[in-house]
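# An overview of the molecular structure
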Amino acid sequence: MPRNAAAYDEDFFAWTEEQARLLRAGDVAEIDALNLAEEIESVGKSDRREIRSRLIVLLTHLLKWRFQPNEKSSGWLGTIGEQRDQIEAILEDSPSLRPVIGAVLSRAYKRAHAVASQETGLSESTFPADCPFTPEQILAVDFLPDD
């Protein structure tokens, strides 16, 4: 075991700095490979979770926009735009995550469906059981559901 492995549990920030230094120096024998591999994997999982979370907010607002036309507001437009921008920023940094949109869409929509019902006071049966939007529509800057 590398001599710096214990620092992982004692001071995570110091551990990350040390791992970066070791990598840059090419000192592979001293790298805490097991913990480093786990942390690298967790970064990818974190981005995937963030996409799903932002999709829930985005889908909730698209549903509210479509099913509460008299309540539309600039705040809703701002939220829709912000979620799209943040999802696109993640995808610009990690284009290989683009297929994640389709992979998590059903689960994200299910949650957004429930949230939209809670936030609007409308019955869950008001909203389509399956996502009525394509991934392309969801991310399109100029897409808003018709009334």
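First, a word on scope: everything that follows refers to the structure included in this document. (Residues numbered from 1 in each chain as written. Predicted model: local features only at pLDDT ≥ 70, side-chain atom pairs only at ≥ 80, totals over all residues. Heavy atoms only, no water.)

## Concerning the overall build of the protein chain
- If you tally the helices and strands in the protein chain, you get 6 helices and 0 strands.
- Traced from its N-terminal end to its C-terminal end, the protein chain shows the element sequence α-α-α-α-α-α.
- For 147 residues, the compact-globule formula gives about 15 Å, and the C-alpha radius of gyration of the protein chain, at 21 Å, lies well above that figure.
- Each of the three principal axes of the protein chain carries a C-alpha extent, and together these read 65 × 25 × 25 Å.
- Looking at the 147 residues of the protein chain, the share that counts as buried comes to 36%. (Helix = DSSP H or I, 4+ residues; strand = E, 2+ residues; numbered from the N terminus. Rg over C-alpha atoms; globule rule 2.2 N^0.38 Å. Buried < 20%, exposed > 50% of the residue type's maximum accessible area, 1.4 Å probe, protein only.)

## Digging into the packing of helix α2 (residues 12-25) against helix α3 (residues 33-67)
- Their axes nearest at 12 Å, the elements α2 and α3 cross at an angle of 105°. By the angle between their axes, α2 is roughly perpendicular relative to α3. Mapping the contact onto sequence places Phe12, Trp15, Gln19 and Leu23 in α2 and Asn35, Leu36 and Glu39 in α3.
- Looking at the contact of α2 with α3 residue by residue, the classes come out as 4 nonpolar, 2 polar and 1 charged. (Axes fitted to C-alpha atoms, helices over the stretch in contact; angles between N-to-C directions. Parallel < 35°, antiparallel > 145°, perpendicular 65-115°, else oblique. Contact = heavy atoms within 4.5 Å. Nonpolar A, V, L, I, M, F, W, Y, C, P; charged D, E, K, R; others polar.)

## Some remarks on the environment of Val100
- Note that Val100 resides in helix α5 (residues 98-120).
- For Val100, a relative accessible area of 7% puts it in the buried group.
- A sequence separation of 37 residues divides Val100 from Leu63, and the C-alpha atoms of the two residues are 21 Å apart.
- With near-sequence residues (within four places) excluded, Val100 lies in contact with Arg48 and Ile51.

## Points about the nonpolar core
- By size, the foremost hydrophobic cluster in this structure holds 25 residues, and its most contacted members are Ile51, Leu55, Leu59 and Ile138.
- Among the elements of the structure, α3, α4 (74-93), α5 and α6 (135-139) are those that each provide at least two residues to this core.
- The element best represented in this core is α5, accounting for 8 residues.
- With 5 residues, the next largest nonpolar core counts Tyr8, Trp15, Leu22 and Ile31 among its residues. (Core = buried A, V, L, I, M, F, W, Y, C linked by side-chain atoms within 4.5 Å.)

## A look at the packing of α3 against α4
- Running from N to C, α3 and α4 cross one another at 155°; their axes reach a closest spacing of 9 Å. The angle between the axes of α3 and α4 places the two elements in the roughly antiparallel class. Judged by the sense of rotation from one axis to the other, the crossing of α3 with α4 is left-handed. Every residue of α4 that contacts α3 at Asp47, Glu50, Ile51, Arg54, Leu55, Val57, Leu58, His61, Leu62, Lys64 and Trp65 is listed here: Trp76, Leu77, Thr79, Ile80, Gln83, Arg84, Gln86, Ile87, Ile90 and Leu91.
- Here the contact of α3 with α4 is built from residues that sort into 12 nonpolar, 4 polar and 5 charged. (Left-handed = near helix turned anticlockwise from the far one by under 90°.)

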